[in-house]
Amino acid sequence: MKKRVLSGMRPTGRLHLGNYLGAAKGMLALQDDPDYETLFTVVDIHATTTPYDAKTLQQSARDVFIDYLSIGLDPEKSAINIQSDLADVITQLSFYVSSVMTVARMQHLPTFKDKVKQHPDNVTMALLNYPLLMAADILIYKASKVPVGIDQEPHLEVAREVARKMNEQFGMDFPEPTRFATKGEYVPSLLGEGKMSKSVEGSSIELNDDLDTIVAKLKKAPTDAGTGAAVPTSGGVANLFQFVELFQGEAKRREYEAAYTGSGVRYGDLKKELAQAIFDELRPIQKKRAELEANPDYVDRIIKEGADRSRVIAEATVAEVREKMGLRK
Ligand code: TRP
């Protein structure tokens, strides 16, 4: 049997370049690998675990779904769904698996603690259960590979623990899922500190940015005199070089590094070339998105087909869990 891959993104706005390089490229590689069966989901139920706008959630989920298709996820090759189309089976499984995890274990997760700090007035049961909902997303398809960012490692650890315990206590055969890391996975902020993030103004390039916008954003990226004894390993210049490697290749990066310790780097030229390279990568994505937006009936059909395909696997797993846990058919 082929190994299954499952990945998901929360519908907190459209994808940006960081998401694209960090997780989506890994998804694309796996989709084309004949050793794997791939499933992808837009996790709108996860969005309800932190404060959100119910009026716009559906549209946001659809937007990310369309982004998925635009970047090249192919409904012929992958089952692509919106999580709440499978709410009955996924939330059901997440409740069942919560019986093997302790409250203390969930409370000590760094991701939980971060969210408690961010939203001290919203420390809900749903928030505490977030990692179990994610475990259910993965285990319901018995997926063994999960292309996500490194920040999700604590959640994958929970998923592995859940799998182990369900296997030991109830005789399930869940694989212990591991993270699939991609090369461009750490995408730095344009601002010289931290990673590219939607929530930090000016840090990110959006998938729908045009060339002028990318040029303008890069212009604001911090630089230095362009020359020195050693190539900086952190900060604005280090990040720019990282972008050069991601979009123009390692050889180009080495050229700039040599210039840095030699005749000097002209950042104006570097940024102009880099902006063009980034835009060249985004242009086909933007074209595909425009086509999809002009064809809403097709998108509706693909959303439905993705849910139907996913459901076949999901229902079989839930039926098996119910049986093994001694629940009625
Ligand atoms: N927690 C993930 C994030 O914040 C999103 C997610 C939910 C997910 N369920 C998943 C990712 C299942 C991979 C697989 O990015």
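Along each chain, residues carry numbers from 1 onward, in the same order as the chain's sequence is written. Since the coordinates come from a predicted model, pLDDT governs what is reported: local features require at least 70, and pairs of side-chain atoms require 80 or more to be given and counted, while whole-chain, interface and lining totals use all residues. With hydrogens and water stripped out, all remaining heavy atoms of the structure feed into the side-chain values.

**Describing helix H4 (residues 87-97)**
(1) Moving on: Note on exposure labels: buried denotes an accessible area under 20% of the residue type's maximum, exposed denotes more than 50%, and partly exposed covers the range between, all computed with a 1.4 Å probe on protein chains only. Helix and strand labels come from DSSP, where a helix needs a run of H or I of at least four residues and a strand needs a run of E of at least two; each type is numbered from the N terminus. Within the span of H4, buried status applies to Val89, Ile90, Leu93, Ser94, Tyr96 and Val97. Each buried residue of H4 lies within a common arc of 160° when the element is viewed along its axis, so the set occupies one face.
(2) Moving on: Contact criterion: two residues are considered in contact whenever any of their non-hydrogen atoms come within 4.5 Å of each other. On its buried face, H4 sits against helix H7 (125-139), helix H8 (153-170) and helix H13 (296-324). Read the arc as the range of directions from the helix axis to the C-beta atoms.

**A few points about the side chain of Glu161**
(1) Moving on: Its place among the elements puts Glu161 in helix H8.
(2) Moving on: In this structure Glu161 comes out as buried when scored by relative accessible area, which is 13%.
(3) Moving on: Not counting residues up to four positions away in its chain, the partners in contact with Glu161 are Met101 and Arg105.

**Re the domain arrangement of the chain**
By convention, interface size is frequently given as the accessible area that disappears when the constituent parts associate.
(1) Moving on: You can read the domains of the chain as domain 1 (3-185 + 296-324) and domain 2 (211-290).
(2) Moving on: Domain segmentation is taken from an automatic or database assignment of domains. Once you take the C-alpha centre of each, domain 1 and domain 2 turn out to be 33 Å apart.
(3) Moving on: Taken together, the contact pairs 13 residues of domain 1 with nine residues of domain 2.
(4) Moving on: Buried area is understood as the total, over both parts, of accessible area removed when two parts are fitted together, assessed with a 1.4 Å probe. Summed over both partners, the interface of domain 1 with domain 2 comes to about 960 Å²; 61% of that surface belongs to carbon and sulfur atoms.
(5) Moving on: Sorting the residues of domain 1 by area buried against domain 2 places Leu17, Leu21 and Ser70 first, and these three jointly supply 44% of that buried surface.
(6) Moving on: Any Lys or Arg side-chain nitrogen located within 4 Å of an Asp or Glu carboxyl oxygen qualifies as a salt bridge. Run the count over domain 1 and domain 2 and you get three salt bridges.
(7) Moving on: For the salt bridge of Asp67 with Arg289, the shortest nitrogen-to-oxygen distance reads 2.8 Å.
(8) Moving on: Any pair of N or O atoms that falls within 3.5 Å is considered a polar contact. Within protein, one atom must be able to donate a hydrogen and the other to accept it, and sequence-neighbouring residues count only if both atoms are side-chain atoms. Applying the counting criterion to the domain 1 and domain 2 interface returns three residue pairs in polar contact (both at pLDDT 80 or more).
(9) Moving on: Elements supplying a minimum of two residues to the side of domain 1 that touches domain 2: helix H1 (17-31) and helix H3 (54-71).
(10) Moving on: With six residues, the single largest contributor to the side of domain 1 that touches domain 2 is H3.
(11) Moving on: Grouping the constituent residues of the side of domain 1 that touches domain 2 by class yields six nonpolar, two polar and five charged. Any residue that is not Ala, Val, Leu, Ile, Met, Phe, Trp, Tyr, Cys, Pro, Asp, Glu, Lys or Arg is counted as polar, Gly included; the first ten are nonpolar and the last four charged.

**Overview of the nonpolar core**
(1) Moving on: Leu17, Tyr20, Phe65, Tyr68 and Leu274 are the most contacted members of the largest nonpolar core, which has 52 residues in total.
(2) Moving on: Here this core gets ten residues from one element, more than from any other, and that element is helix H12 (residues 267-293).
(3) Moving on: Split by domain, this core shows at least three residues from each of two domains, domain 1 (3-185 + 296-324) and domain 2 (211-290).
(4) Moving on: The contact partners of Leu274, leaving out residues within four places of it in the chain, are Leu218, Leu240, Phe243, Val244, Phe247 and Gln248.
(5) Moving on: What we call a nonpolar core is a set of buried Ala, Val, Leu, Ile, Met, Phe, Trp, Tyr and Cys residues that are connected through their side-chain atoms within 4.5 Å. Membership of the second largest hydrophobic core comes to 41 residues, among which are Val97, Val146, Val148 and Met172.

**Describing the pattern of salt bridges**
Once their charged atoms are close, side chains differing in charge can pair, the charge on each being opposite to the other.
(1) Moving on: Evaluated as defined, the whole model comprises 32 salt bridges.
(2) Moving on: The partner of Asp32 in a salt bridge is Lys77, with the nearest N and O atoms 2.7 Å apart. Remark: Lys77 occurs in the loop between H3 and strand S3 (78-82) and Asp32 occurs in the loop between H1 and strand S2 (36-42); sequence separation between them is 45 residues.
(3) Moving on: Here Lys77 falls in the partly exposed class, since its relative accessible area comes to 41%.
(4) Moving on: We note a salt bridge from Glu257 to Arg253, for which the minimum N-O separation is 2.8 Å. Residue Glu257 and its partner Arg253 are located together in helix H11 (residues 250-260), separated by four residues, close to a single helical turn.
(5) Moving on: Residue class for Glu257 comes out partly exposed when judged on its relative accessible area of 21%.
(6) Moving on: For Arg253, a relative accessible area of 18% translates into the label buried.
(7) Moving on: In this structure, a network of salt bridges that share partners links the residues Glu153, Glu157, Arg160, Arg164, Glu176 and Arg179.

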